[in-house]
Amino acid sequence: MKEIARSRIGLLRPLLKDPVPGVRIAAAAAIETLEAASSIEGVLATLKTGNMGAKIGAIYALGEIGGEKVIPPLVYCARRVEVDIRSAAVAVLGKLALPATLGTLVEILDDECAAVAARAIAALSRFAVPADVIKKLRTFLNASDGVLEAEAALTLAGLNDVSSSDQIAALLASPHASTRQAAATALSRMPLLN
């Protein structure tokens, strides 16, 4: 596949100098698509055979490639046993914010590792989430661990969930500095509605 992509890119390169702007733009877009398609294969190979650092790098590379084609490997990685792999995949899924991954991120809210769940909470701030997900996010405001409630406060503020403002205000008295800081920031980001 890589050789075919290179061959097609070679055919398209002369069109980058075409006198018609629309042809140049189409050629550039086609080359970009082919380069991404050929590079994804190398990234996927690294995910299968690389060491931990290389695999995490590959996950972030999938985020740079983007698009629907990276969803299956990222979702697979988000459900792996290794915490570092799951965490990186969840972060990338959040960055991409593709609607098809919303369900996966909601499932990951229940991850046994608080750091992974916190990344899922933060990732959801980039989505238009339904009321049942908002309700689930509110439950994290009671986590009392300095991580989950902090992320939940920031995410709920980002989602303009004014109904959680009293719970977030209560976090200003948390024993965890990270929670107090997040609560203060969240309250400043909340819409000023009654």
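What counts and how
- Residues numbered from 1 in each chain as written.
- Predicted model: local features only at pLDDT ≥ 70, side-chain atom pairs only at ≥ 80, totals over all residues.
- Heavy atoms only, no water.
- Helix = DSSP H or I, 4+ residues; strand = E, 2+ residues; numbered from the N terminus.
- Buried < 20%, exposed > 50% of the residue type's maximum accessible area, 1.4 Å probe, protein only.
- Contact = heavy atoms within 4.5 Å.
- Core = buried A, V, L, I, M, F, W, Y, C linked by side-chain atoms within 4.5 Å.
- Polar contact = N/O pair within 3.5 Å; in protein donor to acceptor, adjacent residues only side chain to side chain.

Points about the side chain of Thr104
On the secondary structure map, Thr104 appears in helix H6 (residues 102–108). The exposure class of Thr104 is buried, given its relative accessible area of 8%. Sequence-distant contacts of Thr104, that is, excluding residues within four places in its chain, are made with Val75, Arg79 and Leu93.

A short note on the environment of Ala169
As for its position among the elements, Ala169 is in helix H10 (residues 165–170). Residues Ala169 and Ala186, spaced 17 residues apart in sequence, show a C-alpha to C-alpha distance of 8.9 Å.

So, unusual backbone geometry
Positioned with a positive phi, Ala97 is a non-glycine residue whose angle comes to about 50 degrees. At Ser144, a position not held by glycine, the phi torsion is positive, near 55 degrees. Ser144 sits in the exposed class, given a relative accessible area of 55%.

A few points about the nonpolar core
Counting residues in each nonpolar core, the largest one holds 47 residues, and the members touching the most others are Ile59, Leu109, Leu124, Val129, Leu137 and Ile168. Residues contacting Leu124, with those up to four places away along its chain left out, are Leu102, Leu105, Val106, Leu109, Val129, Val133, Leu137, Thr155 and Leu159.

A short note on the side chain of Arg86
Assignment of secondary structure puts Arg86 in helix H5 (residues 83–96). Residue classification places Arg86 among the buried positions, given a relative accessible area of 5%. Here Asp111 takes part through its side chain, which lies 2.9 Å from a polar atom of the side chain of Arg86.

Description of the environment of Thr155
Tracing the backbone shows Thr155 in helix H9 (residues 148–158). Sequence separation between Thr155 and Arg126 is 29 residues; the distance between their C-alpha atoms is 8.6 Å. Residues contacting Thr155, with those up to four places away along its chain left out, are Ile121, Ala122, Leu124, Ser125 and Leu137. Among the polar contacts listed, one links the side chain of Thr155 to the backbone oxygen of Ile121, at a separation of 3.0 Å.

Re the environment of Leu12
Looking at the secondary structure, you find Leu12 in helix H1 (residues 2–12). Take Leu12: its relative accessible area is 19%, and that puts it in the buried class. Dropping the residues within four chain positions of it, Leu12 is found in contact with Ala27, Ala30, Ile31 and Leu34.

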